[in-house]
Amino acid sequence: MKGSVKKSVVLGSGVMGSGIAAHLANVGIPVLLLDIVPKELTEEEKANGLTLDDKEVRNRLSNRALKQLQKQKPAPLTTKNNLSLIETGNFEDDMKRLNEADWIIEVVVENLEVKKQVFEKVEAYRKRGAIVSSNTSGISINAMAEGRSEEFRSHFLGTHFFNPPRYLKLLEIIPNEKTNPEILAFMKQFAEDTLGKGVVEAKDTPNFIGNRIGTYGLLVTVREMLKGGWSVGEIDSVTGPSIGRPKSATFRTLDVVGLDTFLHVAKNVYDQVEGEEKEIFDSPSFMKQLADRGWIGSKAGQGFYKKVKRENGKEILELNPETFEYETRKRIKTASTEQAKQEKHLSSKLKALVYADDEAGKLVWNIMKPVLLYSAEKSSEIANNIAAVDEAIKWGFGWEMGPFETWDAIGVEKSVARMEEDGENVPSWVKNMLSNGISTFYKNEEEYYHNGEYQRKDINKKEINLQKMKSNNAVIRKNAGASLIDIGDDIACLEFHSPNNSIGLDVLQMINQSIDEVEKNFKGLVIGNHGKNFCVGANLMMILMEAQDDNFFEIDIVIRQFQNAMSKIKYSKRPVVSAPHGMSLGGGAEICLPSASIQAASETYMGLVEVGVGLIPGGGGNKELYLRHIEDLPQDGSIDLLPVANKVFEKIAMAKVSASADEARENGFLSDRDDVIFNADHTIYHAKKQAFHLYEKGYVPPQRQKIPVVGETGYAAMKLRAKTLQFGGMASEHDVKIAEKLAFVLAGGRVPKGTMVDEQYLLDLEREAFLSLVCEPKSQQRMQHMLTKGKPLRN
């Protein structure tokens, strides 16, 4: 298919419909959001003298959805400015406008007949060639397409987003029998490249892949709890990170999803399957009773858990499914759970639990075994291959490993032998695989078992796998904290792999060596990695230990090295392009700010947060953020820089962190030379492309220039702002001390307003302020608290 999606229509403005509309707006696609026309006036509308004919009333549902988008948490929009791309309307007045859309997405009530009626109307108004899809979570795509023309059906498919659409990676695409293969291929590519999704093609079966396996796994766990007499909290204590699943584990996940939603999804399978499988998808009666009481989870204020106020704070209680009373939360603690905690790798944690001969071991085995067997039994029915099953569960339910990856981790031969000892029927294809001498479902990350042999995954060319490159001898140099990797086309990539990707002396050494190497032998350097977060800042433990030992001379040397390394990034003869994702905080932001270009994943949370640990940025971040704010302003003194300096001061003093890359741009961390990438797996590819492009254009590093500062006048104004916060009860005495040091650095010290100073002068002020704060007992208390508790201390 040629062209692209330039405009879309979303039919249905509920939580999912408006969430999908928001995500389309996030990527820059204009959306028309439609819903039904209300049949009655609200009291407020009556009081305002409105009638059922007024546009405000007729568009009430979609208008209300638009307002809700601004209040929802987590935020569906990457920036509130994206609201301007969403237009509202209704199913009666605006259906004719469907002919403007390249993609029409149906997100109405989960009822086959209602959906068929909607598609009949859609066909009457859509333009020829427009793609139409349903966001159903499990109704048959072929059944929805019945009665539609051949041309309509060739452009029709299921596009099942997971909630919330902005944050959950999975998009299941389900073709109908007549879907044009070119349309299917286009939508897969578009969803990955533009929407930033992990796409899995699913077969048209009840609940598709993610909800079929995921719902089964949750119900098996609930049944095992009831059968073994375990409590809600005990189950969650062993079905979370210790087995590679989210912290929300089982019942907290159900509370977040909403029990009403879960029961509906389970019933959809129950209504369409037979026998033993039907029994599993018949949700236990206590869950139905909970829903009848309205105790459906977080949105109702209580579900499997309830938060209550106590004299000494809040306590989270767990539901007793027999009495419907809330009780103190319980946990399982056995030899195997303790051993699992000590293990570093997930495969070792899993083995420690599933093969343990204690209560926790037996429980985890009884929960995991049926999910593995069910996945194997259903894989060919619901998916094209086992990789699709694994990806659907990882991307849709947040598991670290999918069912078949989990099976490999615990050992297929050993676990199958135990399953057969338990009297289980292991699917014949799994036994055939083993009897043919193949003992794992995956040969490596990219090859999976399928029909008697290993097949290669179809991987998007924009996914650059650093691990694979390292195993193919692409490492140029490395140390404990980082590796320099040749990623092709004369571009190198500096990958951090220190704990939390924090910046220590080893990382600083690699930055210096990498730039030296790239200036001699490469066209450009990318700084990026596949870690959970790009970089959470400097190695705080190292700084605190040196401070507690009064090694301030050592800290001075480290800060000088940090500042020099950041200057080296900025003034490199070859373009240095950073590719941040996730948390890019403190030193992580300081690495990005001097880069020739930033290619930031949309979900990049960037900020200079050092104030939270009693310090100010020490790697040139204050100067660089200020420079980014003034770089497009006239330098002739005609603009008052005090408001700009104040803005920068507030962002650093308040430790403001962006909630997206778009917001980072609004906060001045990103500029016109930087881009936002919606697929986090593609950031290194785009950074590589940008580095190459800058080199080919004849890249010249920036020249060292004098910087105008706001001097004593600005220093006084910023100090006053800090004092005002203190008088308002929003800042402590130590907060003010830190803020005054920050103000002194940003103002350029005790010089007249408008003085031009050089960069080294500002760096020296910054280093001196950092060193004076690191000596402070209250700053050291803040560092200690962050390291032990994981959150800032206000002292």
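Keep in mind it's a predicted model, so treat the numbers as computed, not measured. Per-chain numbering applies: the sequence of each chain, read as written, is numbered from 1 onward. Restriction of local features to residues with pLDDT of at least 70 applies here, the model being predicted, together with a cutoff of 80 or more for giving and counting side-chain atom pairs; totals for whole chains, interfaces and linings are based on all residues. Water and hydrogen atoms were dropped before computing side-chain values, which therefore reflect all heavy atoms in the structure.

Enquirer: Give a detailed account of the pairing of strand β5 (residues 131–134), specifying residues and quantitative values.
Expert: Burial of the side chains of β5 extends over both faces: I131 and S133 are buried on one face and V132 and S134 on the other. Direction of pairing for strand β4 (residues 103–106) relative to β5: parallel, over a ladder of 4 bridges. Residue I105 lies in a different strand from β5, and its bridge partner there is S133. Looking down the strands as they point away from the viewer, one classifies a crossover as right-handed if the path from the first strand across the helix to the second runs clockwise. Elements are defined by DSSP. Helices are runs of H or I of four residues or more, strands are runs of E of two residues or more, and each kind is numbered from the N terminus. With helix α5 (residues 112–125) bridging β4 and its parallel neighbour β5, the resulting β-α-β unit is right-handed. Alignment of β5 against strand β6 (residues 156–161), held across 3 bridges, turns out to be parallel. If you follow S134 over to β6, its bridge partner there is G158. Summary of the burial criterion: residues with accessible area below 20% of their type's maximum are buried, those above 50% are exposed, and those between are partly exposed, where the area comes from a 1.4 Å probe applied to protein chains only. At least two bridges found by DSSP between two strands are what make those strands a pair.

Enquirer: Give me the lowdown on the packing of aromatic side chains, citing residues and values where you can.
Expert: Aromatic contacts are taken between Phe, Tyr and Trp rings whose centres are within 6.5 Å, Trp giving its six-membered ring; a plane angle under 30 degrees counts as stacked, one over 60 as edge-to-face, and the others as tilted. For the structure on display, the rule yields 22 aromatic pairs. On the numbers, 5.1 Å between centres and 70 degrees between planes, the contact of F404 with F441 is edge-to-face. In this pair, F404 sits in helix α19 (residues 403–410) while F441 sits in the loop between α21 (428–435) and β12 (442–444), placing the two residues 37 residues apart along the sequence. Looking at F404, the relative accessible area reads 0%, which means it is buried. With centroids separated by 6.4 Å and ring planes inclined at 85 degrees, the aromatic side chains of Y449 and Y454 adopt a geometry described as edge-to-face.

Enquirer: I'd like to hear about the environment of N163, residue by residue, with values.
Expert: Turning to its location among the elements, N163 is positioned in the loop between β6 and β7 (170–175). Since its relative accessible area comes to 43%, N163 is described here as partly exposed. Separated by 94 residues in sequence, N163 and V257 have C-alpha atoms that sit 8.4 Å apart. Every residue in contact with N163, bar those within four places of it in the chain, is listed here: V15, M16 and L168. Here, residues are in contact when the closest pair of their heavy atoms is within 4.5 Å.

Enquirer: Quick rundown of a positive patch on the surface? Include the residues and the values.
Expert: The grouping of R252, K307, K309 and K314 at the surface amounts to a positive patch. Residue position: R252 is located in helix α11 (residues 251–257). Given a relative accessible area of 36%, R252 falls into the partly exposed group. Candidate patch residues must exceed 30% relative accessible area and have no salt bridge, after which like charges are joined if within 9 Å and Val, Leu, Ile, Met, Phe, Trp or Tyr side chains if within 5 Å. Every accessible area reported is derived by Shrake-Rupley at a probe size of 1.4 Å, with residue values counting cover from the shown protein chains alone. A pairing counts as a salt bridge when a side-chain nitrogen of Lys or Arg comes within 4 Å of a carboxyl oxygen of Asp or Glu. In this tally, Asp and Glu contribute negative charge and Lys and Arg positive charge; neither His nor the terminal groups of the chain are included. Charge placement uses NZ in Lys and CZ in Arg. For Asp and Glu, CG and CD serve respectively.

Enquirer: For the sheet that holds strand β2 (residues 31–35), give the residues involved together with the corresponding values.
Expert: The strand order across the open sheet built from 8 strands is β3-β2-β1-β4-β5-β6-β7-β8, with neighbouring strands paired in mixed fashion. The open sheet has two free edges, formed respectively by β3 (86–90) and β8 (198–201), since each of these has just one partner strand. Going across the sheet, the axis of each strand differs from the next one's by a mean of 25 degrees, ignoring polarity. Looking at chain direction, β7 and β8 are connected through 4 bridges and run parallel. For helices, the fitted line uses only the C-alpha atoms of the stretch in contact; every axis is such a line through C-alpha atoms, and the angle between N-to-C directions lies from 0 to 180 degrees.

Enquirer: With reference to specific residues and values, describe the nonpolar core.
Expert: We define a nonpolar core as any set of buried Ala, Val, Leu, Ile, Met, Phe, Trp, Tyr and Cys residues linked to one another through side-chain atoms lying within 4.5 Å. Counting residues in hydrophobic clusters, the biggest one holds 115 residues, and the most contacted among them are W103 and I511. Excluding residues within four positions of it along the chain, W103 makes contact with V5, K7, S8, V9, L24, I131, S133, T159, F161, M187, F190 and L195. I139, F286, F324 and A360 belong to the second largest nonpolar core, which has 104 residues in total.

Enquirer: Quick rundown of helix α32 (residues 733–747)? Include the residues and the values.
Expert: Over its 15 residues, α32 extends 21 Å from the first C-alpha to the last, a length consistent with the 21 Å expected when each residue adds 1.5 Å. All of the buried residues in α32 are H734, D735, V736, I738, A739, L742, A743, V745, L746 and A747. Packing partners of the buried residues in α32 comprise α27 (621–630), α28 (642–653), α31 (711–727), α33 (759–774) and α34 (777–789). Positive backbone phi, at 85 degrees, marks G748, one or two positions downstream of α32. Expected helix span is given by 1.5 Å per residue-to-residue step, counting one fewer step than there are residues.

Enquirer: Quick one: what's the story with the environment of E150, residue by residue and with numbers?
Expert: You can see E150 is positioned in helix α7 (residues 150–154). Exposure remark for E150: the relative accessible area of 51% places this residue in the exposed category.

Enquirer: Hey, could you go over helix α24 (residues 540–548) for me, with residue numbers and the actual values?
Expert: Turning to α24, its buried residues are L540, I543, L544 and A547. The buried residues of α24 all sit within an arc of 95 degrees when viewed along its axis, so they share a single face. On its buried face, α24 is in contact with α25 (552–571), α33 and α34. Polar contact is the term for a pair of N or O atoms within 3.5 Å; when the atoms are in protein, one must be able to donate a hydrogen and the other to accept it, and sequence-neighboring residues count only if both atoms are side-chain atoms. N-cap assignment for α24: the residue whose side-chain oxygen lies 3.3 Å from the backbone N of M541 is N539. Throughout, the arc means the angular range of directions from the helix axis out to the C-beta atoms.

Enquirer: So what's going on with the packing of helix α16 (residues 346–354) against α19? Which residues, and what values?
Expert: The contact between α16 and α19 brings their axes to 9 Å, and the two run at 75 degrees. Put simply, α16 runs roughly perpendicular to α19. Of the residues in α19, those touching α16 at S347, L350, K351 and V354 are T406, A409 and I410. Our angle categories are set so that under 35 degrees counts as roughly parallel, over 145 as roughly antiparallel, 65 to 115 as roughly perpendicular, and the remainder as oblique.

Enquirer: Give a detailed account of the pairing of strand β17 (residues 491–496), specifying residues and quantitative values.
Expert: For β17, the tally of buried residues reaches 6 of 6 residues, placing the bulk of the element in the interior. Neither face of β17 is left uncovered, since the one carrying I491, C493 and E495 and the one carrying A492, L494 and F496 both have all their residues buried. Two elements, strand β16 (residues 482–486) and β17, share 5 bridges in a ladder whose sense is antiparallel. In the strand pairing of β17, L484 is matched with L494. Between β16 and β17, which pair antiparallel one after the other, the connecting turn spans 4 residues, and G488 there sits at a positive phi close to 90 degrees.

Enquirer: How would you summarise the sheet that holds β12 if you had to cite specific residues and measurements?
Expert: Within the open sheet, the 3 strands sit side by side as β12-β13-β14. Their pairing is antiparallel. The sheet is open, and its two borders are formed by β12 and β14 (453–456), each paired with just one other strand. Across the sheet, the mean angle from the axis of one strand to that of its neighbour is 35 degrees, orientation sign disregarded. Both β12 and strand β13 (residues 447–450) contribute to a ladder of 2 bridges, which runs antiparallel. If you follow Y442 over to β13, its bridge partner there is Y448.

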